[in-house]
Amino acid sequence: MDIERKGGTTLKGNPLTLVGPEIKVGQKAPEFTTLAGDLSPVTLASSKGKTRLFIAMPSLDTPVCDAEARRFNEEVSKIPAVESIVVTVDLPFAQGRFCQTAGIKNLKMASDHRDTSFGKAYGTLIKELRLLSRAIFIVGADDTVQYVEYVKEASNHPNYEAALNALKAGAAH
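Residues numbered from 1 in each chain as written. Predicted model: local features only at pLDDT ≥ 70, side-chain atom pairs only at ≥ 80, totals over all residues. Heavy atoms only, no water.

Now for the environment of Phe 98. Position of Phe 98 among the secondary structure elements: in helix H2 (residues 92–102). For the pair formed by Phe 98 and Thr 10, sequence separation is 88 residues and the distance between their alpha carbons is 25 Å. Setting aside anything within four residues of it in sequence, one finds Phe 98 in contact with Leu 60, Asp 66, Ala 69 and Ile 104. (Helix = DSSP H or I, 4+ residues; strand = E, 2+ residues; numbered from the N terminus. Contact = heavy atoms within 4.5 Å.)

Below you can see the structure in the form of C-alpha cells.
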C-alpha cells in the first residue's frame, strides 16, 4: 500500500495528497523506472557513479515548468560531470518536442507516464491529478540523497540558488 501525505502540496492554495514517502537527505535514493524519448528505460542505476539532479515537475506545457526547465538547462551547462534529469508524466514524445522547441540540450527527459514509478518512489505523485509535484532531488555518485526540496505550492518556482549551490558542492566530491 502506498503512503499518502495529505496537504503535502497545494495548487493555488488548495491542499492535495502526495503519494509516496517523503525523501530525506542522507538516505539511499530509491530506484525507479521511467522512459526516455526512445522508450528505453531510465532508472537510478542508469546514471550510477555520477552526481544526479532530478527535477520533478507537473508538466512541461505549463509556464512555470517551461521557465524552470529553461533555467536549469542554462545553469547546469556550467556544472560538469552532473546528470540532470527532468521527470514529468508528459509523454516522451511531448518531452522531445518541448526540448526541440525550447532548445533544451543540457537536461535529459524521463517520462513517468507509464506507472508513476518515480512519483511513488520519491513522494511526488499528486493523487488527485496524476501529475508530479514540483520537487528537486540531488543524489550523489554513491546513491545517497544530498539535497531535497518539495515545493509547497505547485505553481511556485523551486529555490534555484539553494539547489544549484548544493549541486556544485556535490559535483565537487
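Right, let's get into the packing of helix H1 (residues 63–76) against helix H4 (residues 160–171). Where H1 meets H4, the axes come as close as 12 Å, and the angle between the chain directions of the two elements is 35°. Note that H1 runs across H4; the crossing there is right-handed. Contact with H1, carried on its side by Ala 67, Glu 68, Arg 71, Phe 72, Glu 75 and Val 76, involves Tyr 160, Glu 161, Ala 163, Leu 164 and Leu 167 of H4 and no other residues of that element. Here the residues of the contact of H1 with H4 are counted per class, giving seven nonpolar, no polar and four charged. (Axes fitted to C-alpha atoms, helices over the stretch in contact; angles between N-to-C directions. Left-handed = near helix turned anticlockwise from the far one by under 90°. Nonpolar A, V, L, I, M, F, W, Y, C, P; charged D, E, K, R; others polar.)

One finds Leu 53, Ile 55, Phe 72, Ile 104 and Leu 107 to be the most contacted residues of the largest nonpolar core, which totals 25 residues. Of all the secondary structure elements, the ones that give two or more residues to this core are strand E5 (51–56), H1, strand E6 (82–88), H2, strand E10 (135–139) and H4. For this core, the leading source of residues is H4, giving five residues. Sequence-distant contacts of Leu 107, that is, excluding residues within four places in its chain, are made with Ile 55, Ala 69, Phe 72, Asn 73, Val 76, Ser 84 and Val 86. Core analysis: the next-biggest nonpolar cluster, separate from the first, contains 23 residues, Phe 32, Ala 36, Ile 85 and Tyr 122 among them. (Core = buried A, V, L, I, M, F, W, Y, C linked by side-chain atoms within 4.5 Å. Buried < 20%, exposed > 50% of the residue type's maximum accessible area, 1.4 Å probe, protein only.)

Across six bridges, strand E1 (residues 4–11) lies against strand E2 (residues 14–19) in antiparallel orientation. Following the sheet pairing, Thr 10 is matched in E2 by Pro 15. Between the end of E1 and the start of E2, which pair antiparallel, lie two residues, with Lys 12 showing a positive phi angle near 55°. Note: E2 against strand E8 (residues 125–126), two bridges, orientation antiparallel. What sits directly across from Val 19, in E8, is Leu 125. (Pairing = 2+ DSSP bridges.)

Moving on, we get to the packing of aromatic side chains. Scanning the model with the defined rule gives 10 aromatic pairs in all. Measuring from centroid to centroid gives 5.8 Å for Phe 54 and Phe 118, while their planes differ by 50°, and the two rings are tilted. With a gap of 64 residues between them, Phe 54 in strand E5 and Phe 118 in helix H3 (residues 117–122) connect regions that are remote in the sequence. Each member of the pair Phe 54 and Phe 118 is classed as buried. Relative to Tyr 122, the ring of Phe 54 has its centre 6.2 Å away and its plane inclined at 50°; by these criteria the two rings are tilted. One end of the pair, Phe 54, is in strand E5; the other, Tyr 122, is in helix H3, with 68 residues separating them in the sequence. Just as Phe 54 is buried, Tyr 122 falls in that class too. Feature note: the residues Phe 32, Phe 54, Phe 118, Tyr 122, Phe 137 and Tyr 150 constitute an aromatic cluster, connected by ring pairs. (Phe/Tyr/Trp six-rings, centres within 6.5 Å; stacked < 30°, edge-to-face > 60°.)

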